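Analysis of the macromolecular model
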Amino acid sequence: MIWIIYLILFILSFTLSVLGAQTWVFVTLLVLFVAGTFLALLYPLIWQKDAEKVKRYLLKSKQPYHRFLYAFLYEEEREAETRLTKIKQAQAKKYAEIMLYTQQERWDDAKELLKNMKKSDLTLYYSAIVAMEEGRQADYEQHKNQLKDPHYVTWLTVEELRRKGNKNEALTILENQINTLGGLKLLSALHYKNKLQHSN
């Protein structure tokens, strides 16, 4: 899709230069090009409603973090661990490590890593998960209440219901949420649903 935007930019630039357009027209065109490229890169990760297309995007991506996410969601744990070692960007690597630690139930490792990370919805969500697992109810409630993203709050509510034995209610809430999601959150919710269906 990016090459189409490049082609359009080239054709428009060439046409405008032949017509003797002013400089501000070229600047506007460049700004629109940058914005279009940015949206084209973000669309599959945030808004794409077709899970298979998001999955293919991760599989074809050259970004190590995206390849890790694909391995984490769809391949063996060992492959995800291998992909994690190839992530160079420090923040992305920490997020990947937290995801892996929680899946492996390495709660102490996850908690230690979360201590030194900047507060965000993602870190608050995983802090709540660790607190829930360790039975620190007050900490769990504090982290949950600080979350601004309603999707993370829903996932915590679903996990609460599962732990109380209300698996069918949890699945119903999750399935209703899935219909509203796109991009990586859609893949995460589907992954969670699969785990939920196969849990006790």
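Reference entry: report on the structure contained in this document. Remember, it's a predicted structure, so these values are computed and weren't measured experimentally. (Residues numbered from 1 in each chain as written. Predicted model: local features only at pLDDT ≥ 70, side-chain atom pairs only at ≥ 80, totals over all residues. Heavy atoms only, no water.)

**Looking at helix α5 (residues 77-84)**
- Looking at α5, one finds that the buried residues are Ala80, Arg83 and Leu84. Considered in projection along α5, the buried side chains sweep an arc of 100 degrees and stay on one side of the axis.
- Those residues of α5 hidden inside the fold are in contact with α4 (64-74) and α6 (90-103). (Buried < 20%, exposed > 50% of the residue type's maximum accessible area, 1.4 Å probe, protein only. Helix = DSSP H or I, 4+ residues; strand = E, 2+ residues; numbered from the N terminus. Arc of directions from axis to C-beta. Contact = heavy atoms within 4.5 Å.)

**Some thoughts on the nonpolar core**
- Core analysis: the largest hydrophobic core is formed by 51 residues, its most contacted members being Tyr65, Phe68, Tyr125, Trp155 and Leu174.
- It is helix α8 (residues 121-134) that contributes the most residues to this core, eight residues altogether.
- With residues up to four places along the chain from it excluded, the contact list for tyrosine 65 reads Ile87, Ala92, Tyr95, Ala96 and Met99. (Core = buried A, V, L, I, M, F, W, Y, C linked by side-chain atoms within 4.5 Å.)

**What to know about the packing of α4 against α5**
- Taken N-terminus to C-terminus, the directions of α4 and α5 make an angle of 165 degrees; their axes are 8 Å apart at the nearest point. Here α5 runs roughly antiparallel to α4, going by the angle between their axes. Considering only the axes of α4 and α5, their crossing is left-handed. Counted together, Arg67, Phe68, Ala71 and Phe72 of α4 and Glu79, Ala80, Arg83 and Leu84 of α5 form the full contact between these two elements.
- When the residues that make up the contact of α4 with α5 are grouped by side-chain class, the tally is five nonpolar, no polar and three charged. (Axes fitted to C-alpha atoms, helices over the stretch in contact; angles between N-to-C directions. Parallel < 35°, antiparallel > 145°, perpendicular 65-115°, else oblique. Left-handed = near helix turned anticlockwise from the far one by under 90°. Nonpolar A, V, L, I, M, F, W, Y, C, P; charged D, E, K, R; others polar.)

**Here we look at the side chain of histidine 66**
- Counting through the fold element by element, histidine 66 comes out in helix α4.
- For histidine 66, a relative accessible area of 13% puts it in the buried group.
- Setting aside residues up to four positions removed in sequence, histidine 66 forms contacts with Leu45, Tyr57, Leu58 and Ser61.

**A closer look at α6**
- In a regular helix each residue adds 1.5 Å, so 14 residues correspond to 20 Å; α6 covers 20 Å between its end C-alpha atoms and thus fits that length.
- All buried positions along α6 are accounted for by Ala92, Tyr95, Ala96, Glu97, Ile98, Met99, Leu100, Tyr101 and Thr102.
- At its buried positions, α6 is contacted by α4, α5, α7 (107-115) and α8.
- Where α6 begins, the side chain of glutamine 89 points an oxygen toward the backbone nitrogen of glutamine 91, at a separation of 3.2 Å.
- Of the residues flanking the end of α6, it is glutamate 105, one or two places downstream, whose phi is positive at about 60 degrees. (Expected span 1.5 Å × (residues − 1). Polar contact = N/O pair within 3.5 Å; in protein donor to acceptor, adjacent residues only side chain to side chain.)

**Observations concerning the pattern of salt bridges**
- The final tally for this structure, using the stated rule, is twelve salt bridges.
- As a salt-bridge pair, lysine 111 and glutamate 134 come within 3.1 Å of each other at their nearest N and O atoms. You can see lysine 111 sitting in helix α7 and its partner glutamate 134 sitting in helix α8, a full 23 residues away along the chain.
- Residue classification places lysine 111 among the partly exposed residues on the basis of a relative accessible area of 28%. (Salt bridge = Lys/Arg side-chain N within 4 Å of Asp/Glu carboxyl O.)

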